[in-house]
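Read off the chains here:
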Amino acid sequence: MKRREFLKTSGILAAGIVTAPAWFNMGYSKTKPGSNLQDMETLFSVSAAEAQRLLDRALAKGAQSADLFFEYRTSSGLRIEDGIIKDISNGIVLGMGVRAVQGDQIGYAYTDAIDFPKMLIAAETAANIADTANSFKISRFQNISCKNLYPVETYSVNIDLNRKIELLNQADGAARRFNSRVSSVTASIADELRQIMYFDSEGKNFQDVQPLFALRVRVTAEDNGKRQGANAARSARAGLDFLDKPNNTPTVVAQQAATIAITNLDAKPAPAGPQVVILGPAESGVLIHEAVGHGLEADYNYKNLSNYSGKVGQKVASERCTIIDTGLLPGSRGAINIDDEGHLPSNTVLIENGILKGYMHNSISARMMKVNPTGNGRRQSYAYPPLARMTTTYLQKGECTAEEIIRSVKKGVYAKNFSGGQVDTIKGDFTFGVIEAYLIEDGRLTAPLKDVTLIGNGPDVMNKILMVGDDLKISDSTWSCGKDGQNIPVSVGNPTVKISEITVGGS
Amino acid sequence: MQELIKIAERVIKEARRGGADEVDVLINNFTSARIKVRLGKIEELRQSNPRALGIRVFKNKRKALTYTSDLRPESVSTMVQKALEIARLSDIDEYNGLPEGNLFGTTKTGLGLYDPEIAQIPTERKIQMASDLETLGLKQNSLITNSGGAFWNDSYGQTILLNSHGFSGEQEFSNCSLSLQLVAEKDNVKQTDYWWSGQRTFSKLDPIESIAKTAAERTARKVGSRKPATQSVPVVFDPQAGADLLNIIAAVVVGSAIYRKNSFLIDKLGQSIAVKELNIIDDATLPGGNDSRYFDDEGLAGRRNVVIENGVLKTFLCDCYSARKLKTVPTGSARRGASSEPAPATSNFFMQAGRYSPAEIIGSIQNGLFLTDVNWVGVNYVTGDYSRGAEGIWIENGKLAYPVQECTVAGNMFDMLNSISMIGNDLEFRGSINSPTFKIDRLMVSGQ
């Protein structure tokens, strides 16, 4: 029931995924989006003429536009626990959703039966949002072609499970060998392939094939009656070879989780009250996502439901801050070739040198605010209508080195790893959870600190950014963003950042 | 429904023929609607019929799970074969398997979990209720300036579970809810809150007037919030904040958290972990309960489990796997969706009411915090370290004085459970996890 938006690293036990259905083995290894209409039509048993009939039906009560979203998602999951392969799963989710739009009102219905009469019923249900005498024409379908930001040699759902089991064994062994205080290890691989096809009454038509891969490791360490657990993860729109990169190998990821768990065995309570805080690079992008990102999703803003509403052109952050949302980072978890309503993704400058430049839009918000869509219309699946959502959101790098930023602090907190965050977009108060942190004393990192929550107000904290590092990094952890009951994969990024004061929830 | 049972029976037959030692099939089949009205206009009208089927096969103590939303016979057969094929790649685990034969629940009625009226409510009436709720909410208070929307949600349908030991169960569920989010604004600062009512039976929903009034009160009382000074003070948890604390306990008393050592209670069974006034119960048999059930997702009868009695940890909540692993018995606590393995979880989980009125509890404090809302990050289940973003009302001389925000509350769960000093008499069953108001003697509030 909470109406707050959140970001979290999805858990190790996330539902699994697995399969190679018949269609999948028919030359799909190097799919270019847009080049396989024939296959998708077969897959969804629907022709362009039938799509037109469905759209006609969705417009029958006078709605001004309508769209159809077909999806076929295959997933595979594998998990090792206590040194044995315990869970192994494979699944298929398919269906289609119909949306009819009248102003900013929407009717939405879906079916998970690929069956034309049921699709017609869904279209009729969605049509009910409108009750006008208008009669809008459907334009001829034009296929939208786009660059492929996630070309994959062999989709990982197609790779022999024995190879994945080998990788999980590597992670398990690496964590156990790393240190005798490691007492248990769990690791999982989850991958999915999402095939989508779209038609709308304006004539837009596209297909996309979206791979998503994740490796997660959880390590528990014990010493003298003390116990700590920690996670590490990697995720990308990529194939299994993503784990061949030196920083992504199962060994490196497992050692990372083990290091945090062991370090935290000696963690001390964090201080309470306002502190100077330095955020380490990459993962701390959770700050940008919560303090700025959600509040700049345009659907909140045209309704005056954000603390950033009506503030374009005003100063909302320190002049050191330039903040960007981009769906264009190749292979990243937040990358999209095209958004879920047929708009190409872009590099959207949200804040430039502290000045608010604009919002992230879906079709409806763009029309309501009379601007161009920014390619941020995204949905969890065919079961949901698209909302204005983030892709990869980050703070542009500055000029300071990480070392000089840390050296500049006499006493404070260095926050390195995060469990997630939450924001109330209306007032702008946000929190984020720190799971790896250190005390800063006389310009040096000293004692590890226990888990702690940081809390602040968006523009207030963004105006307290004193130094921005030259070390921008995009996190490749398993970030999942929740809004209005829909979860989608995103990325975040940040350079090292110094904040003059933020409330630290120590004890 | 007969059609779905036939599909499930065929899965079991095919899996057995394919060599499975044991198999179970779960089918969820629901119809749901969501209506959002904002500023008098329908913003969203959503209807759906989500269905999914999950298959678990066991062979030589190896197992696999497959699932599909595509219930066409050939697609289901493909997933049966897939399950048999990938199960070979898992490792032998002696704890794998279906429940033993004598533990199964039965399909009964009488808990009031399904209300046929919900399926009959015309869409126009649902729209009208949401619209009336919003109109009333906006009129409550001159500080209210905007609406985040009024929502009607409903869902009804069946869960079907069949297994190769001959268990065949179906249970019907329904629920409906009305909720409203409001916005207040003063001196260019906006505040928001919401309120809701959700029930399995339509006629039990709170009156629209009372939902509107509470939503407006909760929103307007935040106007003029301050950031409190950093200090260690007594904290009163209201039922919402209390439910959040129970949520943490719910996560660490399940068998899977225990054998994974992801709990600060792993070696505390049978020991005193809290003040003796504390009793926490998990009851799947509560009439009309939001999370009541006739059988759990492995087919075991739903039951009432006393988890903490007079401050002593009495039981962990287990599915079959974690029970075998912990050498204990399952508690009817298995939960899963079609696409996930069963895992133990709470049903209707609540703290038993005490004898104090909320006013008495607040009245006992000279200087402290009445906590009304917390954020979800900042709790370490392994160590029990607790640090949550917080909102509430500051207490001065036994009275609610002024709203506070942008602060945190922090402590350790062991210390907190041992310093609960007054438990309220105001327990209400509003959701799955419910708490009365209670006081914790000392927590660190971090603010200015």
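Rules behind the numbers
- Residues numbered from 1 in each chain as written.
- Chains lettered and ligands numbered in written order.
- Predicted model: local features only at pLDDT ≥ 70, side-chain atom pairs only at ≥ 80, totals over all residues.
- Helix = DSSP H or I, 4+ residues; strand = E, 2+ residues; numbered from the N terminus.
- Buried ≥ 20, exposed ≤ 12 C-beta atoms within 10 Å, placed from the backbone.
- Contact = placed C-beta atoms within 7 Å.
- Rg over C-alpha atoms; globule rule 2.2 N^0.38 Å.
- Nonpolar A, V, L, I, M, F, W, Y, C, P; charged D, E, K, R; others polar.
- Domains from an automatic or database assignment.
- Core = buried A, V, L, I, M, F, W, Y, C linked by C-beta atoms within 7 Å.
- Pairing = 2+ DSSP bridges.
- Expected span 1.5 Å × (residues − 1).
- Axes fitted to C-alpha atoms, helices over the stretch in contact; angles between N-to-C directions.
- Parallel < 35°, antiparallel > 145°, perpendicular 65-115°, else oblique.
- Left-handed = near helix turned anticlockwise from the far one by under 90°.
- pLDDT = per-residue confidence, 0-100.
- Arc of directions from axis to C-beta.

A.B. asks: It is not clear to me how the overall build of chain B should be interpreted in this structure. Could you clarify?
C.D. replies: A tally of regular secondary structure across chain B gives 10 helices and 20 strands. Taking the principal axes of its C-alpha atoms as reference, chain B extends roughly 70 × 55 × 35 Å. When each of the 448 residues of chain B is scored for burial, the buried share is 56%. Within chain B, residue pairs in contact and separated by at least 24 positions form 71% of the contacts whose partners lie at least 6 positions apart.

A.B. asks: Is there a simple way to think about the overall build of chain A in this case?
C.D. replies: The secondary structure content of chain A amounts to 10 helices and 25 strands. Relative to the globule expectation of 23 Å for 507 residues, the C-alpha radius of gyration of chain A, 24 Å, shows essentially globular dimensions. By residue count, 64% of the 507 residues in chain A fall in the buried class. Across chain A, contacts joining residues at least 24 apart in sequence account for 78% of those joining residues at least 6 apart.

A.B. asks: Any chance you could explain the interface of chain A and chain B here in plain terms?
C.D. replies: When the parts of a complex come together, some accessible area is lost, and that lost area is often taken as the interface size. Each partner contributes residues to the interface: chain A has 69 residues there, and chain B has 63 residues. Per-element accounting of the side of chain A that touches chain B gives the leading share, 12 residues, to strand β3 (residues 84-102) of chain A. For the side of chain A that touches chain B, the residue count by class is 26 nonpolar, 32 polar and 11 charged.

A.B. asks: Before we go on, may I ask you to explain the domain arrangement of chain A in this structure?
C.D. replies: All names here are of chain A. For chain A, the domain assignment lists domain 1 (5-264) and domain 2 (272-505). Here the C-alpha centre of domain 2 lies 24 Å away from the C-alpha centre of domain 1. Each partner contributes to the interface: domain 1 provides 44 residues, whereas domain 2 provides 41 residues. Of all elements in the fold, only β1 (5-9), β2 (65-81), β3, β4 (105-111), β6 (182-200), β7 (204-223), β8 (226-236) and α5 (250-264) reach the threshold of two or more residues within the side of domain 1 that touches domain 2. By residue number, the principal contributor to the side of domain 1 that touches domain 2 is β7, which donates 6 residues.

A.B. asks: Any chance you could explain the nonpolar core here in plain terms?
C.D. replies: Side chains of nonpolar character tend, in soluble globular proteins, to be buried together. Core analysis: the largest hydrophobic core is formed by 283 residues, its most contacted members being A:Ala58, A:Ala100, A:Ala175, A:Val219, A:Ala257 and B:Ile55. Sorting elements by how many residues they give to this core places β6(A) first, with 10 residues. Apart from the residues within four sequence positions on either side, A:Ala257 is in contact with A:Ala175, A:Val217, A:Arg218, A:Val219, A:Ala230, A:Asn231 and A:Ala232.

A.B. asks: Before we go on, may I ask you to explain the sheet that holds strand β10 (residues 323-326) of chain A in this structure?
C.D. replies: For sheets, the rule is that strands pair by backbone hydrogen bonds, running either parallel or antiparallel. Residues and elements named next belong to chain A. Spatial strand order, β12-β11-β10-β15-β24-β21: 6 strands in an open sheet with mixed pairing. If you trace the sheet from one side to the other, it starts and ends with β12 (355-356) and β21 (473-474), each paired once. Alignment of strand β11 (residues 347-352) against β12, held across 2 bridges, turns out to be antiparallel. Each bridged residue has a counterpart across the sheet, and for Glu352 the counterpart in β12 is Ile355.

A.B. asks: I would appreciate a short explanation of the pairing of strand β16 (residues 385-396) of chain B in the present structure.
C.D. replies: All names here are of chain B. For β16, the buried fraction is high: 11 of the 12 residues fall into the buried class. Across 7 bridges, the pairing between strand β15 (residues 367-374) and β16 is antiparallel. Bridging from a neighbouring strand, Asp373 pairs with Glu391 of β16. Counting the residues in the hairpin turn of β16 and strand β17 (residues 399-412) gives 2 residues, including Asn397, whose phi is positive at 50°.

A.B. asks: Could you clarify how one ought to interpret helix α4 (residues 123-139) of chain B in this entry?
C.D. replies: Residue pairs spaced three or four apart in an α-helix point in one direction, given the helix's 3.6 residues per turn. The terminal C-alpha atoms of α4(B), which comprises 17 residues, lie 25 Å apart, in line with the 24 Å expected from a rise of 1.5 Å per residue. Lining the buried residues of α4(B) we find β1 (22-38), β5 (144-163), β6 (168-186) and α5 (208-220) of chain B.

A.B. asks: What is the right way to look at the sheet that holds strand β9 (residues 280-283) of chain B in this model?
C.D. replies: All names here are of chain B. Judged by pairing direction, the sheet is mixed, and its 5 strands sit side by side in the order β11-β10-β9-β14-β19 without closing on themselves. The strands lining the two open edges of the sheet, one partner per strand, are β11 (312-313) and β19 (433-434). Where β9 and strand β14 (residues 349-351) come together, 3 bridges link them in antiparallel fashion. Note on β14: the bridge partner recorded for Ile280 is Met351.

A.B. asks: Sorry, what's going on with the environment of A:Ile406 here?
C.D. replies: All names here are of chain A. Take Ile406: it is sitting in helix α9 (residues 402-407). Here Ile406 falls in the buried class, since 22 other C-beta atoms lie within 10 Å of it. Put simply, Ile406 and Leu279 are 127 residues apart on the chain and 9.8 Å apart in space, counted from C-alpha to C-alpha. For Ile406, the residues in contact, after removing those within four places along its chain, are Ile278, Tyr414, Ile440, Gly443 and Leu445.

A.B. asks: Just to check I follow, could you spell out the packing of helix α2 (residues 48-58) of chain A against helix α3 (residues 116-127) of chain A for this structure?
C.D. replies: The geometry of a pair of packed helices is captured by two quantities: the angle between their axes and the separation between those axes. Residue and element names in this part refer to chain A. Closest axis-to-axis distance for the α2/α3 pair is 7 Å, and the angle between their directions is 30°. Accordingly, the angle class assigned to the pair α2 and α3 is roughly parallel. Here α2 and α3 pass one another in a crossing that is right-handed. Packed against α2, whose contacting residues are Glu50, Leu54, Arg57 and Ala58, the element α3 presents Phe116, Met119, Leu120, Ala123, Glu124, Ala126 and Ala127 at the interface. Looking at side-chain class alone, the contact of α2 with α3 contains 8 nonpolar, no polar and 3 charged residues.

A.B. asks: Got a minute to help me understand the domain arrangement of chain B in this structure?
C.D. replies: Residues and elements named next belong to chain B. Partitioning chain B into structural domains gives domain 1 (2-220) and domain 2 (225-448). For domain 1 and domain 2, the distance between their C-alpha centres works out to 24 Å. Between domain 1 and domain 2, the residue contacts involve 26 residues of the former and 24 residues of the latter. Among the elements of the structure, β1, β3 (51-59), β4 (62-68), β5 and β6 are those that each provide at least two residues to the side of domain 1 that touches domain 2. Grouping the constituent residues of the side of domain 1 that touches domain 2 by class yields 13 nonpolar, 10 polar and 3 charged.

A.B. asks: What is the right way to read the confidence of the model for chain B from this model?
C.D. replies: In low-pLDDT regions, the fine details of the predicted coordinates are not to be read closely. On average, chain B scores 96 in pLDDT, and the residues at 70 or more come to 100%. Listed scores for the predicted complex are pTM 0.93 and ipTM 0.94.

A.B. asks: Where do I start with the packing of helix α1 (residues 2-17) of chain B against helix α2 (residues 73-87) of chain B in this structure?
C.D. replies: Residue and element names in this part refer to chain B. Contact geometry of α1 with α2 gives a least axis separation of 10 Å together with a crossing angle of 35°. The chirality of how α1 crosses α2 is right-handed. Here Ile7, Val11, Glu14 and Ala15 of α1 come into contact with α2, specifically with Val76, Ser77, Val80, Ala83 and Leu84. Here the residues of the contact of α1 with α2 are counted per class, giving 7 nonpolar, 1 polar and 1 charged.

A.B. asks: Sorry, what's going on with unusual backbone geometry here?
C.D. replies: Note: most peptide bonds trans; most residues except glycine with negative phi. Residue and element names in this part refer to chain B. A positive phi angle, near 65°, is found at Asn188, a position not held by glycine. Its location among the elements puts Asn188 in the loop between β6 and β7 (189-199). Of note in this structure, Asn310 is not a glycine but carries a positive phi near 50°. Its place among the elements puts Asn310 in the loop between β10 (304-309) and β11. For Asn310, a count of 13 C-beta atoms within 10 Å puts it in the partly exposed group.

A.B. asks: How should the confidence of the model for chain A be read in this particular structure?
C.D. replies: Here chain A shows a mean pLDDT of 91. Residues at 70 or above account for 93%. Low confidence marks residues 10-38 of chain A, where pLDDT is under 50. Its contacts with residues over four positions away, or in another chain, come to 69 contacts.

A.B. asks: What exactly am I supposed to notice about the environment of A:Thr249 here?
C.D. replies: Residue and element names in this part refer to chain A. Summarising the element assignment, Thr249 is placed in the loop between β8 and α5. Of the residues examined, Thr249 has 18 C-beta atoms within 10 Å and is grouped as partly exposed. Sequence separation of Thr249 and Lys204 is 45 residues, and the distance between their C-alpha atoms is 41 Å.

A.B. asks: Help me understand α2(A) in this model?
C.D. replies: Residue and element names in this part refer to chain A. Taken residue by residue, α2 has Ala51, Leu54, Leu55, Arg57 and Ala58 as its buried positions. Viewed end-on, α2 has its buried residues packed into an arc of 160°, placing them on one side of the element. As for α2, its buried residues are in contact with β2, β3, α3 and β6.

A.B. asks: Looking at this model, I keep getting lost on the environment of A:Thr125. Mind explaining?
C.D. replies: Looking at the element boundaries, A:Thr125 is found in helix α3. Measuring from C-alpha to C-alpha, the distance between A:Thr125 and A:Tyr108 comes to 7.3 Å, with 17 residues separating the pair along the chain. If we ignore the near neighbours within four places in the chain, the residues touching A:Thr125 are A:Gly107, A:Ala109 and B:Gln47.

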